[in-house]
Amino acid sequence: MPSSEPLDTWVPRPRRRETPLGLLGHGVKFLGYSTLAGVLLAGIALPAAGALGLGLKSGVEEFDSIPADLKTPALTQASWIYDAKGQQIAKVYERDRRVITGEEMGTLIRQAQVDIEDARFYEHGAVDLKGVLRAITKNAESGTAVQGASTLTQQYVKNVNVEKAGDDPVAVLEAQRKTLGRKVQELKYSIKLEEELTKDQILTNYLNITYYGQQAYGIQAAAQRYFSKNSKDLTVAEAATLAGLVQNPSQFDPKAHPEASRKRRDVVIDKMVENKHLTPEQAKEAKSGPVALHYQAPQNGCITADAGMGFFCDYVRHVIKQDPVFGKTAAERKKLWDQGGLFIHTTLDPVKQAAALKAVTTKVKVTDQVSAAMTMVEPGTGRILAMTQTRPYGIDPAKNQTVVNYNVDAAMGGGNGFQPGSNFKPIVAAAGLEAGLTSTQSYASPNKMDWPTMTTCDGPWKNLEKGKKGGTIPNESSGEVGPYELKEAMALSVNTYFVQMEQEIGLCAVKQMANKLGVAGKASGKPLQELPALGLGTQEVSPLVMANVYATFANRGTYCTPVAISSITTMDGKDVPVSPAKCDRVLSESTADIINTVLLGVTEKGGTARDLGLDDDRQIAGKTGTSDEKKSAWFSGYTGNLAASVWLGGPAGGVPMKNIRIGGKWFDEVFGATGPGPIWQMAMNEAVRGMPEKEFETVYIPNPPPKRDPSASPGSGSGSPWTTWPGGQPTDVAPSWPGGRTQTPGRQPTRKPAQPTQQDRPTQQEQAPEGQAQQGQQGQPEEQHGDG
């Protein structure tokens, strides 16, 4: 990639031979700075009658008080964001500019710009006295300031002041005001620059800073905008067109005013002939046709990203503006982003991104009441491989566009998140196992129970609503009656089982485990509340957070912070430090292996996700989740080397997914397995294609003892009561693994999954408990269930 030529560096260049007028220009100091500046510049900027308003003594003092060093800011440039394969995601900029060297500009544009702006640029000093006298004469004849005599160096100084003003309209206006004081200041800066830089360097800097209209700053951006080529490849006619723009980019805009642009181009060509940079024959050929554009409209920002990558692009922007590695303060990080000139290489995998986008837009239509979002994360590295959603990135609500990234927390460009429902239960299980519970932990798990008293980090939580609707917790199905052990409780997603586990280990342990797994708080930024329904998923989170939780399980208990940026380099090839994933063990391997084994059971026959197997029969584990009133549904699942989380629901909450059409399909009720589950399945089938199969380290967990069937009559003869775990399969057969069939420990049975249908959806599904509110430690109602 080309390197930029710094504004404040230079290489030795033989001093030009000065003409008498050039020496006179440098002789400003000999005549008295202020006298010359006052007389000449006032005569240029103001009518002739006002030209003599600056006294010698006061003028000298004022001129001497002006600092001589021009603080040239680093020029604002565009930045480019790339996916993991090096393909461009978006070009982002505050000002569309790419700084290039003089050699990269080519000869034609340098000649054309000098000929039309300051033909004697290489002959005079900071002030062109011949030009000044000519301008004074013209202005005196007309009685107004019809002609200026600023040199190209002075124009460069003016542009520097405008660049320093940034986006402050008041500062920009002040930098452009035609006042005597500003002219004097520009003059002194110009004198200093002419002492420190060669003419070629000043011209290069000028061509890099100048505005050419249509959001193009600098000659390289202008060449790309109007002619879709590099500056050095411009033809005579093209170079003359661009050089002519500088005087008035709006009036001579070749796209908006082609005839005015053509006439201006021809004036520039005539000047090039006059200065012997073109022959008459070359000029005739260059002027023979209209201005022929190959225009590229400005493409700025994440809104231009293809393949649903706009939200990930916006996430990258938030990372740079918030990660301390990019600056100690928010102002420093904003400056880095706004200044640009960066090549940002990211972790986004275009194949997996395409798979995720196809799934969320096929299964859910952009015009549906609800939307879907999906994030994929690589276990062991934290690399975000896909991030997309049904609603497109944009600001037009008529097209169902949004700039809210449903995949991430509010601080990173998302909303307030969504209730994960039973997607949260594996976190409770992990906390229990780390607290010393076993893989066969059993609880009575009644069909319905009062919220029990629980301990928190700060003291006990007591149920002040016992016996009332708000003080009880039911299971989803009337047939869900314990006792249950962990494996079947997870497979069937039994609410009361996990409430009793929370009671035993305490809410503090659950909250701390969530924090370790990356659930630092709610998606809104508020801390997790230590309330009993925490473990049933009533506090809002984002798909990125949940995908990374499950990636930690896949990684056998080592949590890695999610990363979106793999490397950043500047235009001149320097590396910008980026934050690598920080990986820490947060679970023992044995706990993670039990969780993986249990979640394998969820995808087996009898589990809530039994119909979500992949086409190649590789091992998958995961968990469904559905919030109160079906306002939010989730499936988070993973293989040994890829984790993904899918959310489905109303973007602003409040859309009960009952008797609803989604993606052209009618749903009586939406559950985690029937709504987001098929999205996950469709995307993962494409995403894992070609990836090596990586199996989980599993442990043997025996099935629980048979439960007596209440309908069986005593002494009926067989002497062997039947139970129905899971999915109606008798459990008084040989020990099975992990979901009801005989299997050698350590390997999941392979199966060709049946395609889910609305009629064949699981009959026993999970959801967060219904009810209006719970009373907390201080008698305050617990938050409503439902998405945020």
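Residues numbered from 1 in each chain as written. Predicted model: local features only at pLDDT ≥ 70, side-chain atom pairs only at ≥ 80, totals over all residues. Heavy atoms only, no water.

Draft legend 1. Up close: the packing of aromatic side chains. Under the criterion given, the structure shown has 15 aromatic pairs. Ring geometry for Tyr638 and Phe696: centres 5.3 Å apart, planes at 80°, overall edge-to-face. One end of the pair, Tyr638, is in strand β17 (residues 632-638); the other, Phe696, is in the segment after α25 (676-687), and 58 residues separate them in sequence. Taken individually, Tyr638 and Phe696 each receive the classification buried, so the pair is uniform in this respect. Ring pairs connect the aromatic residues Tyr550, Phe553, Tyr638 and Phe696, which therefore count as one cluster. Here Arg98 stacks its cationic end above the ring of Trp80, 5.5 Å away from the centre of that ring. A cation sits over an aromatic face here: Lys199 above Phe121, 4.3 Å from the ring centre. (Phe/Tyr/Trp six-rings, centres within 6.5 Å; stacked < 30°, edge-to-face > 60°. Helix = DSSP H or I, 4+ residues; strand = E, 2+ residues; numbered from the N terminus. Buried < 20%, exposed > 50% of the residue type's maximum accessible area, 1.4 Å probe, protein only. Lys NZ or Arg CZ within 6 Å of the ring centre and 35° of its normal.)

Draft legend 2. Helix α11 (residues 199-209), seen in detail. Of all 11 residues that make up α11, 10 are buried, and the element is covered over most of its length. Within α11 the residues assigned to the buried category are Lys199, Gln201, Ile202, Leu203, Thr204, Asn205, Tyr206, Leu207, Asn208 and Ile209.

Draft legend 3. Inspection of the pairing of strand β19 (residues 658-662) at higher detail. Pairing of β19 with strand β20 (residues 665-669), which is carried by four bridges, proceeds in the antiparallel orientation. Within β20, the position partnered with Ile662 by the bridge is Lys665. Hairpin geometry of β19 and β20 is characterised by an intervening segment of two residues between the two adjacent antiparallel strands and by a positive phi of about 60° at Gly663. (Pairing = 2+ DSSP bridges.)

Draft legend 4. Structural detail: the side chain of Asn548. Mapping Asn548 onto the fold places it in helix α23 (residues 543-554). Judged by its relative accessible area of 4%, Asn548 is buried. Ignoring anything within four residues of it in the chain, the contact list for Asn548 reads Val377, Tyr559, Cys560, Thr561 and Pro562. (Contact = heavy atoms within 4.5 Å.)

Draft legend 5. Examining the sheet that holds strand β3 (residues 342-346) more closely. Judged by pairing direction, the sheet is mixed, and its five strands sit side by side in the order β2-β1-β3-β13-β14 without closing on themselves. The open sheet is flanked by β2 (88-92) and β14 (575-576), the only strands paired with a single partner. In this structure, strand β1 (residues 79-82) lies alongside β3, joined through three bridges in parallel fashion. In the sheet register, Ile81 faces β3, and the bridge partner there is Ile344.

Draft legend 6. Expanded view of a nonpolar patch on the surface. Together, Ile303, Ile395, Val403 and Val404 make up an exposed nonpolar region whose accessible area comes to about 350 Å². In this fold, Val403 is placed in the loop between β5 (384-389) and α19 (425-434). In this structure Val403 comes out as partly exposed when scored by relative accessible area, which is 39%. (Patch = residues over 30% accessible without salt bridge, like charges linked within 9 Å, V, L, I, M, F, W, Y side chains within 5 Å. Areas by Shrake-Rupley, 256 points an atom, 1.4 Å probe, with all protein chains shown as cover. Salt bridge = Lys/Arg side-chain N within 4 Å of Asp/Glu carboxyl O.)

Draft legend 7. Molecular detail of the state of the cysteines. One pass over the full model with this rule turns up three disulfides. In this model Cys302 forms its disulfide with Cys313; the gap between the sulfur atoms is 2.0 Å. Taking the sign of the S-S torsion, about -70° here, the bridge from Cys302 to Cys313 comes out left-handed. Residue Cys302 is found in the loop between α15 (280-286) and α16 (310-322), and its partner Cys313 is found in helix α16; the two are separated by 11 residues along the sequence. (Disulfide = S-S within 2.5 Å.)

Draft legend 8. Focus on the packing of helix α6 (residues 107-117) against α11. Relative to each other, α6 and α11 sit at 90°, their axes nearing to 11 Å. When the axis of α6 is compared with that of α11, the two are roughly perpendicular. Here Ile109, Arg110, Gln113, Val114 and Glu117 of α6 come into contact with α11, specifically with Asp200, Leu203, Thr204, Tyr206 and Leu207. Of the residues in the contact of α6 with α11, the class split is five nonpolar, two polar and three charged. (Axes fitted to C-alpha atoms, helices over the stretch in contact; angles between N-to-C directions. Parallel < 35°, antiparallel > 145°, perpendicular 65-115°, else oblique. Nonpolar A, V, L, I, M, F, W, Y, C, P; charged D, E, K, R; others polar.)

Draft legend 9. Fine view of the confidence of the model for the chain. Summing up the model confidence of the chain, the mean pLDDT is 82 and the portion of residues at 70 or higher is 78%. In this model residues 1-60 is a low-confidence stretch, pLDDT under 50, and it forms 120 contacts with partners more than four residues away in sequence or in other chains. Within the model, pLDDT remains below 50 along residues 710-788, and this stretch shows 217 contacts once partners closer than five positions in the same chain are excluded. (pLDDT = per-residue confidence, 0-100.)

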